[in-house]
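# Notes for the structure review
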Amino acid sequence: MPKPALSRIVIVGGGTAGWMAAAALSKTFPAPLYSITLIESDEIGTVGVGEATIPSIQTFNELLGIDENAFMKAVNGTFKLGIRFRNWKAPGSDYFHPFGVYGVDMGGLNFTHYWMRYHKAGGSGDFGLFNPQTLASREGRFGRMAEINPNVPRVNYAFHFDASLYARFLRSYCEPRGVVRQEGRITDVQQDAQSGDITSVTLADGKQIAGDLFIDCSGFRGLLIEQTLKSGYEDWSQWLPCNRAVAVPCEKVGPATPYTQSTAQEAGWQWRIPLQHRTGNGYVFCDAYMDEGTAADLILQRLDGKAQADPRVIRFTTGHRKQMWSRNVVAMGLASGFLEPLESTSIWLVQEAIVKLIRYFPKDRITDPQRQNFNRDMLTAYDNVKDFLIAHYKVTEREDTPFWAYCKHMDIPDSLKARLDSFRETNDALVRHEELFKEASWFAVLVGQGLMPAAWHPMADLMPEDEFRWRMQKVREGSAGLARMMPSHESYIAKTCPSAQLVTV
Ligand code: FAD
């Protein structure tokens, strides 16, 4: 097959985004037809956080043909069934956002409508009883249902992993497939005088690397997309005001929980991500309500194990580049924008950008429709996640600190206003087919934060009472039964994917 005219791909950046892009592109557009060079600078380093994922990462592993246990061993991974939210509705409150649905849809209608009928008639207000992930999480259980009993429904899950080990793992996947890693700091960028396309980048040692298509994975700085091409930035911090994180790992003190924990704090929230060898922690906050030193002191006081490093401050502005594909540069990861990690969506956004790039991949030249389609799809992805994140802050009873008072009373986008109004009245969050977060997610978060719909769909009332009670009982028993089939999370990891570094011989 002749080499396509556009065959030299240059990836700038070797963080999670850069290596994910290199892995997927080397699999889809293999050598020797295509050449892929990845440039990273040890001197600059990576952001080094980003350790909680959502289930779609399994699709990414499948695309690469990665064995899940080998992957988990290499990245000190643990399994994740959802996110536990503490103190978000009010101090002392606790709810779970699981991966997966509640109960089973009946008569074409979402189960949550039936749950509302059940609850209104005096049934338990604990809707987690109808979700196996929630129940398994409460007891620290995990197991892949396909292995435990292939005849029962699957239970959705994702992973927690060590970000630096993940980049290393992907590198070991890429290099045998011909990806060339180039260490060095880019100090200069060359553009075609007529088109403005980038033609090459120059490293500090003078070496020039030329390419046809550049993938900017250079992190917040956006070396090509912003510093060179001046794409512009859409700032969303009026709705998502957190703009700082203090991150600090600590010693593992108990069994790894099969979930991420998010605890609302005075000026933001704190994450807790369990790995096999340590626990990741961070305080995400807004600097208008708390200074960095205070946030660092507070997180150190709130660790459940001994700190393993000094707290590290990361500064960001929520939003996205106006053009994520501009000229011959496609931005991914932090170079394309940032939505705070409340629902672990950034790695998914990298994955989404890779999938869209592969879908619209240029053959011999880049066309406007390719760029426009990519930018439209990515903007939609950012937009939908944005509304879901804002809902966590807006729908709260908290007004106990200036930060929470601001969030509770802030203006929100019209799209979210419409969703909340509709949900409040009819339990319909107006979720569209292509959205990442489906009805069950909106239900978990909105009801978890105190917004109980006034009514449910009238179709849920059509089922005769006896049958309704019987079905609800069966669904509840089914969820509990699935959860009980799972072993403890720790024993499952020990059996199937103990960390390669932690196993002693
Ligand atoms: P980086 O890791 O910053 O990598 C940038 C790369 O570019 C580096 O290799 C650097 O050396 C290179 N580079 C930059 N400039 C140059 C230059 N001049 N020359 C050569 N090389 C250069 N995502 C999730 O999905 N889940 C989470 O739980 C989560 N938590 C997060 C918490 C925080 C506080 C933050 C800030 C982010 C979080 N994320 C999370 C996002 C996640 O960390 C990122 O999406 C992911 O790590 C991708 O980062 P990156 O590769 O785009 O950038």
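Parameters at a glance
Along each chain, residue indices are assigned from 1 in the same order as the chain's sequence is written. Given that this is a predicted model, residues contribute local features only at a pLDDT of at least 70 and side-chain atom pairs are listed and counted only at 80 or more, while totals for whole chains, interfaces and linings are drawn from all residues. Computation of side-chain values covers all heavy atoms of the structure but excludes hydrogens and water. Consider each residue's heavy atoms; a residue with any of them within 4 Å of a molecule or strand counts as near. Think of a polar contact as two N or O atoms within 3.5 Å of one another; within protein, one of them needs to be a possible hydrogen donor and the other a possible acceptor, and neighboring residues in sequence only count if both atoms come from side chains. Methods summary: accessible areas were calculated by the Shrake-Rupley approach with a probe of 1.4 Å, and residue burial reflects only the protein chains presented. Going along the chain from the N terminus, every DSSP run of H or I of four or more residues is numbered as a helix, and every run of E of two or more is numbered as a strand. Gly is put with the polar residues, along with every residue not named as nonpolar or charged; the nonpolar set is Ala, Val, Leu, Ile, Met, Phe, Trp, Tyr, Cys and Pro, and the charged set is Asp, Glu, Lys and Arg. Definitions used throughout: a 1 Å grid over protein atoms alone; a cavity as a set of points that fits a 1.4 Å probe which cannot get out; a pocket as an open set with protein on both sides within 12 Å along at least five of seven lines; a lining residue as one with an atom within 4 Å of a point. Grid points are joined across faces, edges and corners, and a volume is the space filled by probe spheres set on the points. In what follows, residue pairs with any heavy atoms lying within 4.5 Å of each other are defined as contacts. We define the nonpolar core as a collection of buried residues of types Ala, Val, Leu, Ile, Met, Phe, Trp, Tyr and Cys that are connected through side-chain atoms lying within 4.5 Å of one another. The classification of residues rests on relative accessible area computed with a 1.4 Å probe and restricted to protein chains. Under 20% of the type maximum is buried, over 50% is exposed, and intermediate values are partly exposed. Start and end points for every domain follow an automatic or database-based domain assignment. The term buried area means the drop in 1.4 Å probe accessible area that two parts suffer when joined, counted for both and summed. Note on pairing: two strands pair once DSSP finds at least 2 bridges between them. A fitted line through C-alpha atoms serves as each axis, taken over the contacting stretch for helices, and the angle formed by two N-to-C directions is quoted from 0 to 180°. Pairs were defined over the aromatic rings of Phe, Tyr and Trp, the Trp ring being its six-membered one, requiring ring centres within 6.5 Å. Orientation was assigned from the angle between planes: stacked under 30 degrees, edge-to-face over 60, tilted for the rest. The criterion is that NZ of a Lys, or CZ of an Arg, lies within 6 Å of the ring centre and within 35 degrees of the ring normal, and then a charge sits over that ring.

## Looking at the site of the ligand
Taken together, 34 residues sit near the ligand, with Gly14, Ala52, Ile186, Leu334 and Ile347 positioned nearest. The backbone of Gly14 places a nitrogen or oxygen atom 2.8 Å from an oxygen atom of the ligand. Computed on the free molecule, the ligand has an accessible area of 1,000 Å², of which 97% lies beneath the protein chains in the complex. Listed by contribution, the elements that provide at least two residues to the shell around the ligand are α1 (16–28) and α9 (346–359). Tallied by class, the residues present in the shell around the ligand amount to 16 nonpolar, 14 polar and 4 charged.

## Section: empty space enclosed by the protein
In the structure shown here, the tally under the stated rule is 1 cavity of 30 Å³ or more. Its volume calculated, the largest cavity comes out at about 30 Å³. Forming the boundary of the largest cavity are Ser26, Phe29, Pro30, Ala31, Tyr34, Ser35, Ile36, Arg177, Gly178 and Val179. When its residues are assigned to classes, the lining of the largest cavity shows 6 nonpolar, 3 polar and 1 charged.

## Topic: the side chain of Gln182
With respect to the helices, strands and loops of the structure, Gln182 is situated in strand β7 (residues 180–183). When near neighbours in sequence (up to four residues on either side) are disregarded, Gln182 contacts Thr37, Leu38, Ile39, Glu40, Leu203, Lys207 and Ile209.

## Things to note about the nonpolar core
Formed by 150 residues in total, the largest nonpolar core has its most connected members in Ile215, Leu357 and Tyr393. Among the elements that line this core, the one with the most residues is helix α10 (residues 368–394), at 10 residues. Leave out the neighbours within four places in its chain, and Ile215 touches Ile9, Val10, Ile11, Val12, Ala21, Leu25, Val330, Met332 and Leu357.

## Topic: the domain arrangement of the protein
Annotation of the protein at the domain level lists domain 1 (8–77 + 161–238 + 318–384), domain 2 (101–130 + 413–498) and domain 3 (249–315). Its C-alpha centre places domain 1 at a distance of 36 Å from the equivalent point of domain 2. The interface is formed by 10 residues belonging to domain 1 together with 11 residues belonging to domain 2. At the boundary of domain 1 with domain 2, total buried surface from both sides reaches about 820 Å², with 62% on carbon and sulfur atoms.

## Quick look at the sheet that holds strand β10 (residues 208–210)
Strand pairing in a sheet takes place through backbone hydrogen bonds and is either antiparallel or parallel in direction. Strand order in this open sheet of 3 strands is β8-β9-β10, and the pairing throughout is antiparallel. Two strands bound the open sheet, and with one partner strand each, they are β8 (186–191) and β10. Each strand of the sheet is rotated relative to its neighbour by a mean of 25 degrees, with strand direction disregarded.

## Some words on the packing of aromatic side chains
Scanning all chains against the criterion turns up 40 aromatic pairs. Members of the aromatic cluster, each reached through a chain of ring pairs, are Phe71, Phe79, Phe142, Tyr157, Phe159, Phe161, Tyr166, Phe169 and Tyr492. For the cation-ring pair, Arg117 lies above Phe468, with the distance from its terminal atom to the ring centre recorded as 3.8 Å. A cation over a ring is seen here: Lys386 above Trp236, with NZ or CZ 4.7 Å from the ring centre.

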